[in-house]
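Residue-level structure breakdown
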Amino acid sequence: MNEWERDQIRSANDGLRATLDSIQGDFERELGELDEVQRKLAALQVRATSPNNLAIVTVNGSGMVTEIKVADDAFRRSTPQKLTTDINEAIRGGVDAATQARAKILEPLQTVADGMADLDEVLPGMPSMRELRQRFSEFQDGMS
């Protein structure tokens, strides 16, 4: 092996090390933010009011209804069918708002993840983590 070949191997090795160091740095930053994100998600509560102000629904960060309050005069102002419709609309609004709030909380992590080099970009022939995340996302979307 001549000097030129050794320099080429060293250069490729240095480039790979720099890329891996960058990936590790991004990963460590993401992990550092994860505790704060988890805390925010655990504390997330969204309230939604029905169109006729007959019901108020509280939804947590997981999109689960944790409380439903019905106005004291709801039975005088509405029928059972209309009240059911109002409650369902408030639930949908609360779940939608919680989904949007959760996405906003997760946005910084997604930005870091999107900016990271993918495994197949660093080591050709390795599986793509972006493709795996995309498939998982499509699977989750199909379940909702």
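This text follows the structure it describes.
What counts, and where the lines are drawn
- All chains use their own residue numbering, which begins from 1 and follows the written sequence.
- Reporting in this predicted model follows two pLDDT cut-offs: at least 70 for local features of residues, and 80 or more for side-chain atom pairs to be given and counted; totals over whole chains, interfaces and linings ignore these cut-offs and use all residues.
- The basis for every side-chain value is the complete set of non-hydrogen atoms in the structure, without hydrogens or water.
- In plain words, nonpolar cores are sets of buried Ala, Val, Leu, Ile, Met, Phe, Trp, Tyr and Cys residues tied together by side-chain atoms within 4.5 Å.
- The classification of residues rests on relative accessible area computed with a 1.4 Å probe and restricted to protein chains. Under 20% of the type maximum is buried, over 50% is exposed, and intermediate values are partly exposed.
- The secondary structure listing takes helices from DSSP runs of H or I that are at least 4 residues long and strands from runs of E that are at least 2 residues long, numbered from the N terminus.
- In this analysis, two residues are considered to be in contact whenever any of their non-hydrogen atoms come within 4.5 Å of each other.
- Any Lys or Arg side-chain nitrogen located within 4 Å of an Asp or Glu carboxyl oxygen qualifies as a salt bridge.
- Polar contacts here mean pairs of N or O atoms no more than 3.5 Å apart (in protein, one a potential hydrogen donor and the other a potential acceptor; neighbouring residues in sequence count only if both atoms are side-chain atoms).

Before going further, it helps to spend a moment on the nonpolar core. If you look at the biggest cluster of nonpolar residues, it comprises nine residues: Val-37, Leu-44, Val-46, Val-57, Val-59, Ala-90, Ala-98, Ile-105 and Leu-109. Among the secondary structure elements, those contributing two or more residues to this core are strand 2 (55-60) and helix 3 (80-115). When residues of this core are assigned to their parent elements, the largest contribution, four residues, is made by helix 3. For Leu-109, the residues in contact, after removing those within four places along its chain, are Glu-30, Glu-33, Leu-34 and Val-37.

All chains considered together, the criterion is met by five salt bridges. With a closest N to O distance of 2.6 Å, Arg-39 and Glu-36 form a salt bridge. Placement of the pair is Arg-39 and Glu-36 together in helix 1 (residues 3-43), with a separation of three residues, close to one helical turn. The residue Arg-77 makes a salt bridge to Asp-73 at a minimum N-O spacing of 3.1 Å. Take Arg-77: its relative accessible area is 46%, and that puts it in the partly exposed class. Residue Asp-73 is classed as partly exposed on the basis of its relative accessible area of 23%. Among the charged side chains, a network of salt bridges with common partners joins Glu-3, Arg-6, Asp-7 and Arg-10.

Glancing now at the side chain of Ser-78. In this fold, Ser-78 is placed in the loop between helix 2 (74-77) and helix 3. At 3.4 Å, the side chain of Ser-78 forms a polar contact with the backbone nitrogen of Leu-83. Ignoring sequence-local partners within four residues, the contact set of Ser-78 consists of Leu-54 and Leu-83.

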